[in-house]
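Each chain, written out:
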Amino acid sequence: MSGALVVARHAVRESLRRRVFVVVLLLSVVFLALYTWGASELFDEVDAFDGNEFDVQPDTLAGATVLGLAMFAILFLGAVLATFLTLGAVRGDAERGLLQPLIVRPVGRVAYLGGRLLAAATVSAVYVVVLFAACVVVTGVLGWWPDRVVGPALALAGAAVVIAALSLLGSAVLSTTANGIAVFMVFGAGLTAGLLGQIGESLDAKTLDRIADVGSWVLPFEALYQHGLSLLTADVEGPTAAIVNLGPFGGAQEAPLALWPYAVAYVAAVAALAAWSFSRRDL
Amino acid sequence: MVLEARGLIKRYGSGVVALDGVDLEVGEGELVGLLGPNGAGKSTLVKICCGLVRPSAGSATVVGAPAGSPAARAALGYLAELFRFPGWAAADEVLELHQRLSGSDGGERERGELLELVGLADARGRSVETMSKGMQQRLGLAQALIGRPALLLLDEPTSALDPVGRRLVREVLLELKRRGQSVLLNSHLLSEVELVCDRVLIINRGGVVTRGRPDELARPRGVEVETAGGTRLFEGAGREDAPRIVSELVAAGESVYEVRVLRSTLEDVYVQAVSE
Ligand SMILES: Nc1ncnc2c1ncn2[C@@H]1O[C@H](COP(=O)(O)OP(=O)(O)OP(=O)(O)O)[C@@H](O)[C@H]1O
Ligand SMILES: [Mg+2]
């Protein structure tokens, strides 16, 4: 275990030194600034609807929509970071000759993978949680606090960890560029499945629903994200809930309780598969 | 035996047979040279010994543990033929990382001594990306020496070094031998191998074609004598035969101007072995 920690420390240090975090931080600051601006405009706009005859709470509508959008952006940024930290962990580093000196040490291959996953998962999970917290505070100060905060934050963190694990598995099988493309196709496939599910729900189309269901089990980062999204407005009721559910980012479904244990098992299985594939590879 | 390999066969996925039944032993404190043309299988053999490549058949053990097992990896230091350290890391940081990975408690003192040993004492805080290729190779050697491993697997450790650097590596190798550490050395520099190695293996197309001590391999080839009647070659004769040959020639009335004992060099042995 201590071997994995040494590797994880080294991986985090590497991303610090290579200024990955400076870029990420800059992007995040730009994102937050845009978010604050956009959200405050939106809250200003919906103030006009206050006290409307349909009994819709405009602040809830605005807040849920805009925070839902923010979650989407945070998921994307988290995915970029998680992918970046794991993209070439096995084959890429082996091709560059960085890997061999490390894994001939007693730590070995499994601990190396464990360390890389630990580093990427921790860094990207912390990143999405911090960014989400910042967005929640901005939204709250502007006029709406979500019904749940911890659940969506954990769901986002979980989604980032799932993506890190998938990208690590990809790195054991594919070259760096191919893996980068593959991870983003997988990411896109997950989002598409989620979107199909929402369309299916609103049109009551069973086939679309089923495709989405399968998609969210195969790629549980999508299910986690949808789950987190639904928790934002868990307690909203009445006409407001109906309208929130019509929005493209508000129509998420709360997942069954099995989602969390499933996600943990999924990450473990993906990591095990990566370790198996890595252990058979000639370097 | 510090390193023992039996019947190693390696077929790569592409169908290339890189090793075709190789036996190898390296005893304690022994320095064994591995020679052979490009593509002969030298690096493959070393990679099997450190667990980077899985043999298709046969087995290898390092200090009695199966090659690739944690116990085997803990006992060796490896310098790869093509390797890189992270460009952002300073020389000292690279060594520190490897100390942590290998569980060495040598601390700053060990790092300083190793950098001194490979002639990088002044480059301690320099980042790898600002180092020349040869400096990086020196750092690679220092890295391999961390924790005083029982066995060193060095794959062409001098390929990027200047002549002084090569001499320095020779001295390091002899020092390792004095300390009782064993070395398996891959090299294309025959003179280097001849100067330091206790035993030499020449492999070609995945098989061992010649093995022995360098001085045994470099057998006498004959005695050449210049007389008034021209140059005469006594094939197969050695140094010990020279006085007899000269006295016989003199007794026969010849004038002897020069006597040379001809030895085949390791190079001759090598060229012959790999062209068969
Ligand atoms: N990963 C690999 N996949 C397929 N074939 C390989 C691989 N690595 C080496 N080979 C092949 O195996 C054979 C032996 O290669 P190896 O690197 O062991 O040779 P070498 O003796 O170290 O050569 P050199 O002196 O050039 O370093 C070569 O034919 C090479 O093409
Ligand atoms: Mg080689």
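Use the structure listed above.
These lines cover the structure that appears in this document, whether it is placed above or below. (Residues numbered from 1 in each chain as written. Chains lettered and ligands numbered in written order. Predicted model: local features only at pLDDT ≥ 70, side-chain atom pairs only at ≥ 80, totals over all residues. Heavy atoms only, no water.)

## Some words on the packing of aromatic side chains
All names here are of chain A. Which entries qualify depends on this criterion: Each aromatic pair joins two rings of Phe, Tyr and Trp (for Trp, the six-membered one) with centres within 6.5 Å, and gets the label stacked for planes under 30 degrees apart, edge-to-face for over 60, and tilted for any other angle. Runs of E in the DSSP output that reach at least two residues are strands. Runs of H or I that reach at least four are helices, and both are numbered from the N terminus. Burial here depends on accessible area, computed with a 1.4 Å probe over protein chains only, as a share of the maximum for the residue type. Under 20% is buried, over 50% is exposed, and the range in between is partly exposed.
A complete count under the given rule lists 10 aromatic pairs over all chains for this structure. Judged by centre distance (4.7 Å) and plane angle (85 degrees), the rings of Trp 217 and Tyr 262 are edge-to-face. Here the residue Trp 217 occupies a position in helix α9 (residues 206-218), and Tyr 262 occupies one in helix α12 (residues 259-279), the gap between them amounting to 45 residues. Overall, the relative accessible area of 33% leaves Trp 217 in the partly exposed class. Note on Tyr 262: relative accessible area 28%, which makes it partly exposed. Through successive ring pairs, a cluster of aromatic residues spans Phe 76, Phe 184, Phe 187 and Phe 221.

## Quick word on the coordination of the magnesium ion (ligand 2)
All names here are of chain B. Spelled out, the test is: Distances up to 2.8 Å from the metal define which N, O and S atoms are donors, and 3.2 Å serves for Na, K and Ca; water is absent from the atom set, so sites may look incomplete.
Summarising the metal site, the magnesium ion (ligand 2) is bound by the protein donors Ser 43 (OG) and Glu 81 (OE), whose distances to it range over 1.9 to 2.4 Å. A residue pair is termed long-range when its members are at least 10 positions apart, and Ser 43 in helix α1 (residues 42-49) and Glu 81 in the loop between β6 (76-79) and α3 (91-102) qualify at 38 residues. On the basis of relative accessible area, Ser 43 is assigned to the buried category, the value being 14%.

## Points about the interface of chain A and chain B
Applied cut-off: Contact between two residues is taken to exist if any of their heavy atoms lie within 4.5 Å; hydrogens are not considered. Buried area is understood as the total, over both parts, of accessible area removed when two parts are fitted together, assessed with a 1.4 Å probe. Note on definitions: salt bridges are taken to be side-chain nitrogens of Lys or Arg within 4 Å of carboxyl oxygens of Asp or Glu. Polar contact is defined as a pair of N or O atoms within 3.5 Å, subject to the rule that within protein one atom must be able to donate a hydrogen and the other to accept it, and that residues adjacent in sequence are counted only when both atoms are side-chain atoms. Under the convention adopted here, Pro, Cys and the residues Ala, Val, Leu, Ile, Met, Phe, Trp and Tyr are nonpolar, Asp, Glu, Lys and Arg are charged, and Gly plus all remaining residues are polar.
Each partner contributes residues to the interface: chain A has 26 residues there, and chain B has 30 residues. Both faces considered, chain A and chain B share a buried interface measuring about 2600 Å² in area, 57% of it formed by carbon and sulfur atoms. Considering only the side of chain A, the residues that lose the most area to chain B are Val 104, Arg 105 and Pro 106 of chain A, jointly responsible for 28% of the buried surface there. The closest approach of N and O atoms between Asp 282 of chain A and Lys 10 of chain B, which form a salt bridge, is 2.6 Å. Our count for the contact surface shared by chain A and chain B stands at 14 residue pairs in polar contact (both at pLDDT 80 or more). A total of seven residues in the side of chain A that touches chain B trace back to one element, the largest contributor, which is helix α1 (residues 2-17) of chain A. Its residues placed into classes, the side of chain A that touches chain B shows 10 nonpolar, five polar and 11 charged.

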